[in-house]
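For reference, the chains in residue letters:
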Amino acid sequence: MAELHKVNLPEDAPYVNAMLLQLLKGIEKVMGTHGLKAVLRLSGLERYVDNPPPNNLEFGVLAREYAALNEAIEQFTGRAGKGMLQRIGRSSFRWGVKEQSAVMGLAGIALKVLPVQLRKRAVLLGVRKGIMDTVNYASIDVQEENGVLVFTDYACVSCHTRHSEQPVCHLYVGSLQEAMTYATGKDFKAFDVLETHCLARGDDFCRFEIRDH
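Just so you know, these numbers come straight off a predicted model, no measurement behind them. (Residues numbered from 1 in each chain as written. Predicted model: local features only at pLDDT ≥ 70, side-chain atom pairs only at ≥ 80, totals over all residues. Heavy atoms only, no water.)

**A closer look at the packing of aromatic side chains**
For the structure on display, the rule yields five aromatic pairs. Residues tyrosine 15 and tyrosine 66 carry aromatic rings whose centres are separated by 5.5 Å and whose planes lie at 75° to one another, so their mutual orientation is edge-to-face. You can see tyrosine 15 sitting in strand 1 (residues 14-15) and its partner tyrosine 66 sitting in helix 2 (residues 63-77), a full 51 residues away along the chain. The pair tyrosine 15 / tyrosine 66 is uniform in exposure class, with both members buried. Aromatic pair tyrosine 154 and phenylalanine 205: ring centres 5.4 Å apart, planes at 65°, arrangement edge-to-face. Of this pair, tyrosine 154 sits in the loop between strand 4 (148-153) and helix 6 (170-184) while phenylalanine 205 sits in the loop between strand 5 (191-197) and strand 6 (206-212), and the two are 51 residues apart along the sequence. With a relative accessible area of 11%, tyrosine 154 lands in the buried category. Pairwise contacts between aromatic rings join Phe151, Tyr172 and Phe208 into one cluster. Note that arginine 90 overlies the ring of phenylalanine 188, its terminal NZ or CZ placed 3.6 Å from the centroid. (Phe/Tyr/Trp six-rings, centres within 6.5 Å; stacked < 30°, edge-to-face > 60°. Helix = DSSP H or I, 4+ residues; strand = E, 2+ residues; numbered from the N terminus. Buried < 20%, exposed > 50% of the residue type's maximum accessible area, 1.4 Å probe, protein only. Lys NZ or Arg CZ within 6 Å of the ring centre and 35° of its normal.)

**A few points about the packing of helix 1 (residues 17-42) against helix 2**
For the pair helix 1 and helix 2, the least separation of the axes is 11 Å and the interaxial angle reads 40°. Here helix 1 lies oblique to helix 2, going by the angle between them. Crossing hand, helix 1 versus helix 2: left-handed. Note on element contacts: helix 2 touches helix 1 through Glu65, Tyr66, Leu69, Asn70, Ala72, Ile73, Gln75, Phe76 and Thr77, opposite Met19, Leu20, Leu23, Leu24, Ile27, Met31, Ala38, Val39, Leu40 and Leu42. (Axes fitted to C-alpha atoms, helices over the stretch in contact; angles between N-to-C directions. Parallel < 35°, antiparallel > 145°, perpendicular 65-115°, else oblique. Left-handed = near helix turned anticlockwise from the far one by under 90°. Contact = heavy atoms within 4.5 Å.)

**Some words on the layout of surface pockets**
Reported here for the largest pocket is a volume of approximately 230 Å³. If you trace the largest pocket, you find 15 residues lining it, with Lys6, Cys159, His160, Thr161 and Leu199 closest to the centre. A class-by-class count of the residues in the lining of the largest pocket yields seven nonpolar, five polar and three charged. (1 Å grid on protein atoms, 1.4 Å probe; cavity = no way out; pocket = protein on both sides within 12 Å on 5 of 7 lines; lining within 4 Å. Points joined across faces, edges and corners; volume = space filled by probe spheres on them. Nonpolar A, V, L, I, M, F, W, Y, C, P; charged D, E, K, R; others polar.)

**As for the sheet that holds strand 4**
Sheets are built from strands paired through backbone hydrogen bonds, the pairs being either parallel or antiparallel. Spatial ordering of the open sheet is given by 3-4-6-5, a layout of four strands whose pairing is antiparallel. With partners counted over all chains shown, the strands left at the sheet margins are strand 3 (140-145) and strand 5, one partner each. Geometrically, the sheet is characterised by an average inter-axis angle of 20° between neighbouring strands, direction not taken into account. In this fold helix 5 (residues 116-134) packs onto strand 3, strand 4, strand 5 and strand 6, with an angle of close to 165° to the strand it touches most, strand 3. Relative to strand 5, helix 6 is tilted by about 145°, and along the sheet it contacts strand 3, strand 4, strand 5 and strand 6. (Pairing = 2+ DSSP bridges.)

**Thoughts on the confidence of the model for the protein**
Any residue range with low pLDDT should be treated as having predicted coordinates unsuitable for detailed reading. With 95% of its residues at a pLDDT of 70 or more, the protein shows a mean pLDDT of 92. Mean pLDDT in the protein bottoms out at helix 4 (residues 101-104), which sits at 72, and peaks at strand 2 (residues 61-62), which reaches 98. (pLDDT = per-residue confidence, 0-100.)

**Focus on helix 6**
Helix length check: helix 6 (15 residues) gives 21 Å between terminal C-alpha atoms against 21 Å at 1.5 Å per residue, within 8%. Positive phi shows up at glycine 185, right after helix 6, with a value of about 80°. (Expected span 1.5 Å × (residues − 1).)

**Focus: the side chain of lysine 120**
Along the chain, lysine 120 falls in helix 5. Note on lysine 120: relative accessible area 4%, which makes it buried. If we ignore the near neighbours within four places in the chain, the residues touching lysine 120 are Leu149, Met180, Ala183, Thr184, Phe191 and Asp212.

Structure follows, in C-alpha cells:
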C-alpha cells in the first residue's frame, strides 16, 4: 500500500448524507428524541431537527457538522461524554450494518470461514473500503503490528476543525468496538480500543490500536 499522508480538509469540506444520518440514528437510540434535538440545537444544527438528511450517498452535509455534533454531545453530557459517545458509536455502527451494509463495506464478507484474527482484520478492511468508496477524500490504513490491529484515519471527520489537548474521537472508538463485536460475536468489553493520535491534538492522523483484553 502506498504511504498515506495527512489530508488537509477545507473547513467547509462536504460530507455524505448517509454518514451523518447514521450518527443521528445512533444519538437518537442512545439519548432519545429529546436528547437528539437538544444536541442538534446546542451544535447549531437546528435545521436537522425532525428533518434528517436522506439515506443516500450525496454530499449534502458538512464534515464540520459531524464534528460539531460530537463536541455538542461532550458538552451536553459533561463527564459522561466519553462513554456516551462510545455508546453512540456502537449504536450507529449497528444501525449502519442493518440499513447501510454497502456503505459499511461489510456486504458479502464470509466471516464464518475465517479464523478469529482474520475476521477482525477483514471487518476493518471492509469498513475502510466502505468509507473510502463513499467519501472521495477519505484516506484510511489498516495494519497489524505484533498482533495489534491498527486503524489509521488521515481525514477523520469526527474531529474536523476541533482542537484539543487530548484525543477526542470517542465515537470512532465505539464504532471500532462494535466492529470487533460484529467480527467475533464477543461483547465489546472483550476488546481494548485506544486512540493514540488525533488530528484535533495536532497529529497528522487519528490512530487507533485494537487489542484483546
